[in-house]
Amino acid sequence: MNLDSMRRYSTDEIVDAVVIGTGAGGAPLMARLAAAGSRVVALEAGPNFDPQAFAFDETLADEIYWTDERLSGGSTPEAFGGNNSGTGVGGSTLHWGAFCPRADQRDLMIRTETGEGTDWPVNYDELLPFYERVEAFIGVSGPQSYLWDASRRYPLAPVPRNASAQIMAEACAGMGIRATDAPAAVVSRDFPQAGGAVRSACINCGYCHQGCRNGAKTSMDVTYLPLAVAHGAEIRPEARAHGFERDREGRITAVIYRQGGVDHKQRCAQVFLCAGSVETARLLLHTGLANGSGQVGRNYMGHVATQVWGTFDAETRPNKGYPSSLITEDMIRPKGADFAGGYLVQSLGVAPLTFANSVARGRKLWGKALGDYLANYNHVAGIGINGETLPCDANRLTLSDEADALGMGKAAIDFGYGPNETRLNAHATKLMVDLWTQAGARDIWVLDRVAHTIGTCRMGHDGDHAVVDAFGKSFEVPNLWVCDGSTFPSSLAANPALTIMALSLRSAEKVLSGA
Ligand SMILES: Cc1cc2nc3c(=O)[nH]c(=O)nc-3n(C[C@H](O)[C@H](O)[C@H](O)COP(=O)(O)OP(=O)(O)OC[C@H]3O[C@@H](n4cnc5c(N)ncnc54)[C@H](O)[C@@H]3O)c2cc1C
Ligand code: SF4
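How each quantity is defined
In every chain, residue numbers begin from 1 and rise along the written sequence. Here every chain gets a letter starting at A, and every ligand a number starting at 1, in the order they are written. In view of the model being predicted, local features appear only for residues whose pLDDT reaches at least 70, and side-chain atom pairs are presented and counted only at 80 or more, with totals across whole chains, interfaces and linings using the full set of residues. Near residues are defined by distance alone, with the backbone-placed C-beta atom required to lie within 6 Å of the molecule or strand. Secondary structure follows DSSP: runs of H or I at least 4 residues long count as helices, runs of E at least 2 residues long count as strands, and numbering of each begins at the N terminus. Throughout this entry, Asp, Glu, Lys and Arg are counted as charged residues, while Ala, Val, Leu, Ile, Met, Phe, Trp, Tyr, Cys and Pro are counted as nonpolar. The remaining residues, Gly among them, count as polar. Here an angle of 0 to 180 degrees is reported between the N-to-C directions of two axes, which are lines fitted to C-alpha atoms, with helices fitted over the stretch in contact. Any angle that is under 35 degrees is reported as roughly parallel, and any over 145 degrees as roughly antiparallel; angles of 65 to 115 degrees are reported as roughly perpendicular and all others as oblique. Any residue pair is listed as a contact if its two C-beta atoms, each placed from the backbone, are within 7 Å. The span expected for a helix works out to 1.5 Å for each residue beyond the first. Whether a residue is buried, exposed or partly exposed follows from its count of other C-beta atoms within 10 Å of its own C-beta, namely 20 or more, 12 or fewer, or something in between, respectively; the C-beta atoms are built from the backbone. UniProt positions are given in the numbering used here, feature names are shortened, and annotations may be inferred rather than shown by experiment. Strands pair, by our definition, only if DSSP identifies at least two bridges between them. To form a nonpolar core, buried Ala, Val, Leu, Ile, Met, Phe, Trp, Tyr and Cys residues must be joined through C-beta atoms within 7 Å.

- The name an unreviewed UniProt entry assigns to the protein is 2-methyl-1,2-propanediol dehydrogenase, from the organism Methylobacterium cerastii.

Right, here's the structure in full:
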């Protein structure tokens, strides 16, 4: 994004807020605080990109992934890098899929409902006004009448369905499952962005995960960040926070960061840690902050994100069209299920290299066999789920003895499915295979995968069991807030980014109310 004429602050000036990380958690609150007159400085570890540099080429997209080494262990180890972690001005929204369902209200109260998992300290009615604000501001496309919530209206008409969405729609109809156009943070018409430029309508190129060239996909660098800069916020790219200075009362007085190989200190009144579930916990563990509860790093979660692929007689061209254009929420609470919670089903699109990697990993095909299978690429289609993962103490992020160039221990993440995730996954896999069989697919296969990075600094009612309160404010450090995917007490069935943005605006309102 263009930062040429942004306001700049001296590191000696005590700014009102330092925001660490400019992704889904950091950007909305930056814009809101700056619009209210706060002096805001954002430190972003990654570079500032020009969207015009994004190409229809997967090999060029590595630069928007967080690829620093992470040690992944446990019984269901999660892949990081391009699978779930972004970097740069805009964070993971540079390459997210923009599929943006709201949380189901039952998921926020899952403990009360099922005796499993953890209730959130925030209920759906409290989140609703923030969901609506985010959806209107970023421009969400979706059905005018949402099957699972009669009161919901999306601001923009749906984007066209790709081939897998059309196949899934017919298969769902055949099995009596309701499905509709998915809520997508993609503008289906030219969209004047408040505080920024007009965003051009989606051209259905299908390369959302490689960065959208024309700003049709919502990423923070074309939505909340231009608004923040227009209101006087400063963004410092390639500036990585790695320490804090504190006064005798324990308040943070400055954030220490490395930029251009040199350490700097930005003085500030409040700090908003929005570095994503892995880096936020890592920074807190490294500095020993806000962990009296012992909860920092615990309850790490990735969504159950299994996919099913099959081959069809008709051409599908899976690289074409917005990838995730159909949804069913009928499995949020499947009848007769032997697990707590549920899952969403979505249609998929895929670019060729990503698909080749999935085939090699999922089907264990190599060499000629891999090449022969990939010759069918224009005839494959897939569906996938986003399934609830319950919090579990043993799923945990710790610091490895191995340090990075800044002296911070590398993140070591242990993750494994418990019995609930295993049963949910079995239910979903059978359903997806049944759907693809119904649709006439042949050579159906299953790709087990885990997606997203969630938890590690959970919100709760008290500092004995949680790191932050329901607004993201630390129980221990008076001027520290955490606003990103790390604060989720349980994963929800919904994909996380919309809820992260809504919580971010909610934190900002709390700050502005003088909390
Ligand atoms: C391929 C892919 C597809 C996805 N699709 C979807 C989807 O369709 N729907 C959905 O809801 N979610 C999706 N997600 C997930 C979604 O993008 C994330 O949940 C969301 O962006 C997380 O927001 P966050 O603020 O927690 O972290 P991020 O958006 O990752 O932002 C964190 C930022 O902090 C910066 N940072 C880290 N450490 C430091 C430091 N020490 N100092 C300074 N800066 C630092 C990082 O560089 C990064 O820019 C997808 C993710 C991926 C990778
Ligand atoms: S499909 Fe639409 S939103 Fe996705 S990258 Fe292409 S133009 Fe952007």
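### Observations regarding the site of ligand 1
For step 1, the next point in the chain: Near ligand 1 you find 43 residues, and of these Gly21, Gly23, Gly25, Gly91 and Gly97 are the closest.
For step 2, the next point in the chain: Listing elements by their share of the shell around ligand 1, those giving two or more residues are strand S8 (239-246), helix H7 (276-287) and helix H11 (497-512).
For step 3, the next point in the chain: Of the residues assigned to the shell around ligand 1, the class counts are 17 nonpolar, 22 polar and four charged.

### Some remarks on the packing of helix H4 (residues 124-138) against H11
For step 1, the next point in the chain: Two elements in contact, H4 and H11, have axes whose closest approach is 8 Å; the angle formed by their N-to-C orientations is 110°. Accordingly, the angle class assigned to the pair H4 and H11 is roughly perpendicular. Together, Leu127, Phe130, Tyr131, Arg133 and Val134 of H4 and Leu498, Met501, Ala502, Leu505 and Arg506 of H11 make up the contact between the two elements.
For step 2, the next point in the chain: Broken down by class, the residue content of the contact of H4 with H11 amounts to eight nonpolar, no polar and two charged.

### Details of H7
For step 1, the next point in the chain: If you check H7, its first and last C-alpha atoms are 16 Å apart, about what 12 residues at 1.5 Å a residue would give, namely 16 Å.
For step 2, the next point in the chain: Counting buried residues along H7, 10 of its 12 residues qualify, which places the element largely inside the surrounding structure.
For step 3, the next point in the chain: Of the positions making up H7, those classed as buried are Gly276, Ser277, Val278, Glu279, Thr280, Ala281, Arg282, Leu283, Leu284 and Leu285.
For step 4, the next point in the chain: Where H7 is buried, its residues contact S8, strand S10 (262-273), strand S16 (396-403), strand S17 (409-414), strand S19 (450-456) and strand S20 (480-482).
For step 5, the next point in the chain: Of the residues one or two after H7, Gly288 is the one with positive phi, at around 70°.

### Some points on the UniProt feature "domain: Glucose-methanol-choline oxidoreductase C-terminal" (unreviewed entry) in the protein
For step 1, the next point in the chain: Look at the UniProt record and you will see "domain: Glucose-methanol-choline oxidoreductase C-terminal" (unreviewed entry) annotated at residues 393-503.
For step 2, the next point in the chain: Counting secondary structure, residues 393-503 comes out at 24% helix and 27% strand; the distance between its end C-alpha atoms is 24 Å.

### Details of the pairing of S19
For step 1, the next point in the chain: The element S19 is extensively covered by neighbouring structure, given that seven of its seven residues are classed as buried.
For step 2, the next point in the chain: As paired elements, strand S11 (residues 298-304) and S19 share four bridges and run antiparallel to each other. In the strand pairing of S19, Arg298 is matched with Thr456.

### Re the site of ligand 2
For step 1, the next point in the chain: Lining the immediate surroundings of ligand 2 are 13 residues, of which Cys202, Cys205, Cys208, Cys212 and Lys217 lie closest.
For step 2, the next point in the chain: Grouping the amino acids of the shell around ligand 2 by side-chain chemistry returns nine nonpolar, three polar and one charged.

### Focus on the nonpolar core
For step 1, the next point in the chain: Membership of the largest hydrophobic core comes to 153 residues, with the highest contact counts inside it found for Met30, Val40 and Ala228.
For step 2, the next point in the chain: In terms of residue count, the dominant contributor to this core is H11 (nine residues).
For step 3, the next point in the chain: Sequence-distant contacts of Ala228, defined by excluding residues within four places in its chain, comprise Ala27, Met30, Ala31, Ala34, Val40 and Ala233.
For step 4, the next point in the chain: The next biggest cluster of nonpolar side chains, apart from the first, holds five residues, and it includes Ala61, Ile64, Tyr65 and Leu94.

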